[in-house]
Amino acid sequence: MQQFYPIKFTPILKEKIWGGSKLKTLLHKKSTSDRLGESWEISAVDGNVSVVSNGAFMGLPLNVFIQKYKGELVGSSIYEKFGDQFPLLI
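As a further point, take the packing of aromatic side chains. As enumerated under the stated definition, the model contains seven aromatic pairs in all. Taking 4.7 Å as the distance between ring centres and 40° as the angle between the ring planes, the aromatic pair formed by Phe57 and Phe65 counts as tilted. Among the residues examined, Phe57 registers a relative accessible area of 11% and is labelled buried. Since its relative accessible area comes to 0%, Phe65 is described here as buried. Summarising the aromatic geometry, the rings of Phe65 and Tyr69 are spaced 5.6 Å apart at their centres and angled 90° between planes, so their arrangement reads as edge-to-face. Placement of both Phe65 and Tyr69 in helix 2 (residues 62–74) is noted, with a separation of four residues, approximately one turn of the helix. In this structure Tyr69 comes out as buried when scored by relative accessible area, which is 12%.

Structure (structure tokens):
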């Protein structure tokens, strides 16, 4: 069984008309925009797939990571239920 280190992902930052700069100033999100409204920390939504930002898996998209490691990564019962889909947007 594969041993996984604490895996970090690059957040996907979303500009919104109602956004502001607090994600940058309070949470230190890196962006040039002053209209940040959302920070998707972990996502497998089509067109917005998170990418590993650290360690040996750096650069690997979440959906590819799940396809490769299946239940070892997300747990066997979760993988049986959802397959290669990641069921959460964090």
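Here the focus is helix 2. Between its terminal C-alpha atoms helix 2 stretches only 11 Å, short of the 18 Å expected from 13 residues at 1.5 Å a residue. The largest bend in helix 2 amounts to roughly 90° and is located at Lys68. Buried residues of helix 2: Leu62, Phe65, Ile66 and Tyr69, and no others. On its buried face, helix 2 is in contact with strand 3 (44–45), strand 4 (48–49) and helix 3 (76–82). Residue Gly75 follows helix 2 closely and has a positive phi angle near 100°.

Thresholds applied
- Residues numbered from 1 in each chain as written.
- Predicted model: local features only at pLDDT ≥ 70, side-chain atom pairs only at ≥ 80, totals over all residues.
- Heavy atoms only, no water.
- Phe/Tyr/Trp six-rings, centres within 6.5 Å; stacked < 30°, edge-to-face > 60°.
- Buried < 20%, exposed > 50% of the residue type's maximum accessible area, 1.4 Å probe, protein only.
- Helix = DSSP H or I, 4+ residues; strand = E, 2+ residues; numbered from the N terminus.
- Expected span 1.5 Å × (residues − 1).
- Bend = angle between axes of the 7 residues up to and from the residue.
- Contact = heavy atoms within 4.5 Å.

These figures come from the coordinates and say nothing about function on their own.
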